[in-house]
Amino acid sequence: MDRIRIVGGRPLEGTIDISGAKNAALILMAAGLLTDDRLILANVPDLADVTTMSQLLAQHGIAVERPSARTLSLGGAITNTEAPYDIVRKMRASILVLGPLLTRTREARVSLPGGCAIGTRPVDLHLKGLEAMGAEIRLDAGYIDATAPHGLHGATITFPFVSVGATENLMLAASLAEGETILINAAREPEITDLATCLIAMGADITGLGTDRLTIVGVKSLHGATHSIIPDRIETGTYACAAAITGGAVTLRGARPNDLGAVLATMAQAGVDVTETPGGLHVSRRNGLHGTDAMTEPFPGFATDMQAQFMTLMAVAEGASMITESIFENRFMHVPELNRMGARINVHGSSAIVRGVPTLAGAPVMATDLRASFSLVLAGLAARGETIINRVYHLDRGYEAVEHKLAACGAQIERLAA
Ligand SMILES: CC(=O)N[C@H]1[C@@H](OP(=O)(O)OP(=O)(O)OC[C@H]2O[C@@H](n3ccc(=O)[nH]c3=O)[C@H](O)[C@@H]2O)O[C@H](CO)[C@@H](O)[C@@H]1O
Ligand SMILES: C=C(OP(=O)(O)O)C(=O)O
């Protein structure tokens, strides 16, 4: 297994190009199941999760080609409606093929994704929504067995709480269902709007973009389209933290500041200088950081996918912060690892109290999930001495060319191949 070695203490200076959004790429690839025509996706990041989704689509019969480094071309008829355990277990986002397979072919057998390091992550809202649209669902040997003998029909679905994945799955299903679907208390994440924009380009009828009420009127068929994926807001926020924690100055080229919701304002409150530029965002820090509270919430609130990285920033701020995780029940696995590097963080239920320390000390640490991994990279960049991060495969799921992007800005970082 690869490891990452960092020698900390160097301010980052330079420009980082922000890649296409992982979470938009995955759902847009699933949208490729909605038509036999070609769906061309541009600005696709080169990530392990994108490779996994390509494998999943390929075994459903979809031809997945990469005509250029950043472009994916999807097309062809669905020949197999089973999403097997061996692929689904690698990536929970595999559940996003359920809606498209069912609405297209009236049947789907998708392995239950199960829990993961950050929480139990049930998919009940996906299943209840599809049942409201006429699906018959039973669980069999760890699989979701779904059929829609008469096809899916529109329904009004009120989510009891916001779910990004359930909103996406039902949007995909509704786009080819008979009649009108209304999704109430829908997620408003930028990736949802990106999906809607692409579906509309494919011929779908969707209104309410960017709001918590989406109306989708099913159409008979969808056609091919070309769509460019939005820049990754979480990668943007993560590198903003990297600039800030090292006391550097970095331009994040291609970033879309509005997509970061409460994250940038919270960073600014903590003492980070954040300036919108014509092509992105400039982030620097000349003065000290001060402890600032944050609570994760659905968009436009503070993103849970930024919680671990912001916590590392607060670990070296002056004063205390309270960081509350309200989306996932177990997303503090980075805390013991950060504490091994000298941080002073206590977890009380869904909140972490962070008492800032003047410096962290390099140490061997273990990555436990994607964003926790980068929180350790950030700690390593700020720490005195050497940090070795194990289990880098978590990082490779969602961050493209981490060591190259950081080294180009002056970080002392290298990948140690297994
Ligand atoms: C591939 C992708 O886009 N992943 C993102 C997506 O995950 P994902 O779509 O899995 O996250 P959800 O928004 O669905 O989850 C929010 C909360 O709802 C719960 N829940 C969800 C569905 C359901 O049927 N029942 C249920 O109880 C989850 O366990 C969680 O506690 O949104 C999360 C929240 O912004 C992000 O952290 C993930 O990076
Ligand atoms: C939790 C994440 O991804 P996933 O939903 O694919 O596990 C993430 O991107 O931080």
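Predicted model, so just to flag it, every value in this text is computed and none were measured.

Caption draft 1: Spatial organisation of the site of ligand 2. Around ligand 2, the neighbouring residues are Lys-22, Asn-23, Ile-118, Arg-121, Asp-305, Arg-331, Leu-370, Arg-371 and Arg-397. A distance of 3.0 Å is found between an oxygen atom of ligand 2 and a side-chain nitrogen or oxygen belonging to Arg-331. Against a free-state accessible area of 290 Å², the protein chains account for coverage of 88% of ligand 2. Listed by contribution, the elements that provide at least two residues to the shell around ligand 2 are helix 1 (22-31) and helix 12 (370-382). Partitioning the shell around ligand 2 into residue classes produces 2 nonpolar, 1 polar and 6 charged.

Caption draft 2: Highlighting the layout of surface pockets. A volume near 230 Å³ is recorded for the second largest pocket. Around the second largest pocket sit 14 residues that line it, and Leu-152, Leu-176, Ala-177, Glu-178 and Lys-220 are the ones nearest its centre.

Caption draft 3: A look at the UniProt feature "domain: Enolpyruvate transferase" (unreviewed entry) in the protein. With numbering aligned to this structure, UniProt lists the feature "domain: Enolpyruvate transferase" (unreviewed entry) at residues 8-406. This span, residues 8-406, is 32% helix and 24% strand, and a straight line between its end C-alpha atoms measures 12 Å.

Caption draft 4: Layout of the pattern of salt bridges. Within this structure, the stated rule accounts for 22 salt bridges. Residue Arg-109 is joined to Glu-82 by a salt bridge in which the shortest nitrogen-to-oxygen separation is 3.5 Å. Of the two residues, Arg-109 is situated in strand 7 (residues 107-111) and Glu-82 in strand 6 (residues 82-83); the sequence distance between them amounts to 27 residues. Here Glu-82 falls in the partly exposed class, since its relative accessible area comes to 30%. The salt bridge involving Asp-145 is made with Arg-138; its shortest N-O contact spans 3.6 Å. Assessed through its relative accessible area of 18%, Asp-145 is described here as buried. One salt-bridge network, held together by shared partners, links Glu-82, Arg-109, Arg-138, Asp-140 and Asp-145.

Caption draft 5: Region of the structure containing the site of ligand 1. Neighbouring ligand 1 are 18 residues, the closest being Asp-124, Leu-125, Ser-163, Asp-305 and Ile-327. Contacts to ligand 1 include Arg-121, whose side-chain N or O atom sits 2.9 Å from an oxygen atom. In isolation ligand 1 has 740 Å² of accessible area, and contact with the protein removes 85% of it. Going through the elements one at a time, helix 5 (124-132) and helix 6 (164-175) are the ones with two or more residues in the shell around ligand 1. Broken down by element, the residue count for the shell around ligand 1 peaks at 3 residues, all from helix 5. Taken together, the residues of the shell around ligand 1 break down into 9 nonpolar, 5 polar and 4 charged.

Caption draft 6: The arrangement of helix 10 (residues 307-315) in detail. Within helix 10, 9 of the 9 residues are buried, leaving the element largely enclosed by the surrounding structure. Those residues of helix 10 that sit buried are Gln-307, Ala-308, Gln-309, Phe-310, Met-311, Thr-312, Leu-313, Met-314 and Ala-315.

Caption draft 7: Highlighting the environment of Ala-255. Relative to the helices and strands, Ala-255 is located in the loop between strand 15 (249-253) and helix 9 (262-269). Along the chain, Ala-255 and Ser-351 lie 96 residues apart, while their C-alpha atoms are 30 Å from each other. Beyond its immediate sequence surroundings of up to four residues, Ala-255 is in contact with Ile-18, Thr-236, Gly-279, Gly-280 and Leu-281.

Caption draft 8: Inspection of the packing of helix 1 against helix 7 (residues 190-201) at higher detail. Where helix 1 meets helix 7, the axes come as close as 9 Å, and the angle between the chain directions of the two elements is 30°. When the axes of helix 1 and helix 7 are compared, the pair comes out roughly parallel. Crossing of helix 1 over helix 7 shows right-handed handedness. Between helix 1 and helix 7, the residues in contact are Asn-23, Ala-24, Ile-27, Leu-28 and Ala-31 and Glu-191, Asp-194, Leu-195, Cys-198 and Leu-199, respectively. Its residues assigned to classes, the contact of helix 1 with helix 7 comprises 7 nonpolar, 1 polar and 2 charged.

Caption draft 9: Quick peek at the side chain of Arg-371. The topology assignment puts Arg-371 in helix 12. For the buried Arg-371, which has no salt bridge, the nearest side chain bearing the opposite charge is Asp-305, at an N-O separation of 4.4 Å.

Caption draft 10: Geometry of unusual backbone geometry. Between Phe-299 and the following residue, Pro-300, the backbone shows a cis peptide bond with an omega angle of 10°. Relative to the elements of secondary structure, Pro-300 occurs in the loop between strand 18 (294-295) and helix 10. Unlike most non-glycine residues, Asn-43 shows phi in positive territory, near 60°. Considering the arrangement of structural elements, one finds Asn-43 in the loop between strand 3 (39-42) and helix 2 (48-59).

Caption draft 11: Region of the structure containing the sheet that holds strand 23 (residues 386-390). The strand order across the open sheet built from 4 strands is 22-23-1-24, with neighbouring strands paired in mixed fashion. Each end of this open sheet is capped by a strand with a single partner; those strands are strand 22 (364-366) and strand 24 (412-416). The mean angle between the axes of side-by-side strands here comes to 20°, regardless of whether they run parallel or antiparallel. Two strands pair when backbone bridges link them, and strand 1 (residues 3-7) and strand 23 are joined in this way by 4 bridges, in the antiparallel orientation. When the sheet's bridge partners are listed, Val-7 is paired in strand 23 with Glu-386. The sheet contacts of helix 12 involve strand 1, strand 22 and strand 23, and relative to strand 1 the element is tilted by about 30°.

Rules behind the numbers
Residue positions are counted from 1 within each chain, in the order its sequence is given. Chain letters start at A and ligand numbers start at 1, both assigned in the order the entries are written. In keeping with the predicted nature of the model, local features appear solely for residues at pLDDT of at least 70, side-chain atom pairs appear and are counted solely at 80 or more, and the whole-chain, interface and lining totals rest on all residues. Each side-chain value is derived from all of the structure's non-hydrogen atoms; neither hydrogens nor water enter the calculation. In this text, near means that some heavy atom of the residue lies within 4 Å of the molecule or strand in question. N or O atoms within 3.5 Å of each other form a polar contact, as long as, within protein, one can give a hydrogen and the other can take it, and as long as residues adjacent in sequence are counted only when both atoms are side-chain atoms. All accessibility values rest on the Shrake-Rupley procedure with a 1.4 Å probe; residue burial counts only the protein chains present in the view. The secondary structure listing takes helices from DSSP runs of H or I that are at least 4 residues long and strands from runs of E that are at least 2 residues long, numbered from the N terminus. Amino acids are sorted into nonpolar (Ala, Val, Leu, Ile, Met, Phe, Trp, Tyr, Cys and Pro), charged (Asp, Glu, Lys and Arg) and polar (every other residue, Gly among them). As defined here, a cavity is a set of points on a 1 Å grid over the protein atoms alone where a 1.4 Å probe fits but cannot get out. A pocket is an open set with protein on both sides within 12 Å along at least five of seven lines, and residues line them when an atom is within 4 Å of a point. Grid points are joined across faces, edges and corners, and a volume is the space filled by probe spheres set on the points. UniProt positions are given in the numbering used here, feature names are shortened, and annotations may be inferred rather than shown by experiment. Every case where a carboxyl oxygen of Asp or Glu lies within 4 Å of a side-chain nitrogen of Lys or Arg is listed as a salt bridge. Each residue gets one of three labels from its accessible area relative to the maximum for its type: buried under 20%, exposed over 50%, partly exposed in between, using a 1.4 Å probe on protein chains only. Any pair of residues with heavy atoms lying within 4.5 Å of one another is described as a contacting pair. Between N-to-C directions, angles cover 0 to 180 degrees, with each direction set by a line fitted to C-alpha atoms, over the stretch in contact for helices. By the definition adopted for this analysis, an angle is roughly parallel if under 35 degrees, roughly antiparallel if over 145, roughly perpendicular if from 65 to 115, and oblique otherwise. Note on convention: near helix rotated counterclockwise from far helix by under a right angle means a left-handed crossing. Clockwise means right-handed. The positive count covers Lys and Arg only, the negative count covers Asp and Glu only, and His and the chain ends enter neither. At least two DSSP bridges between two strands are needed for those strands to be called paired.

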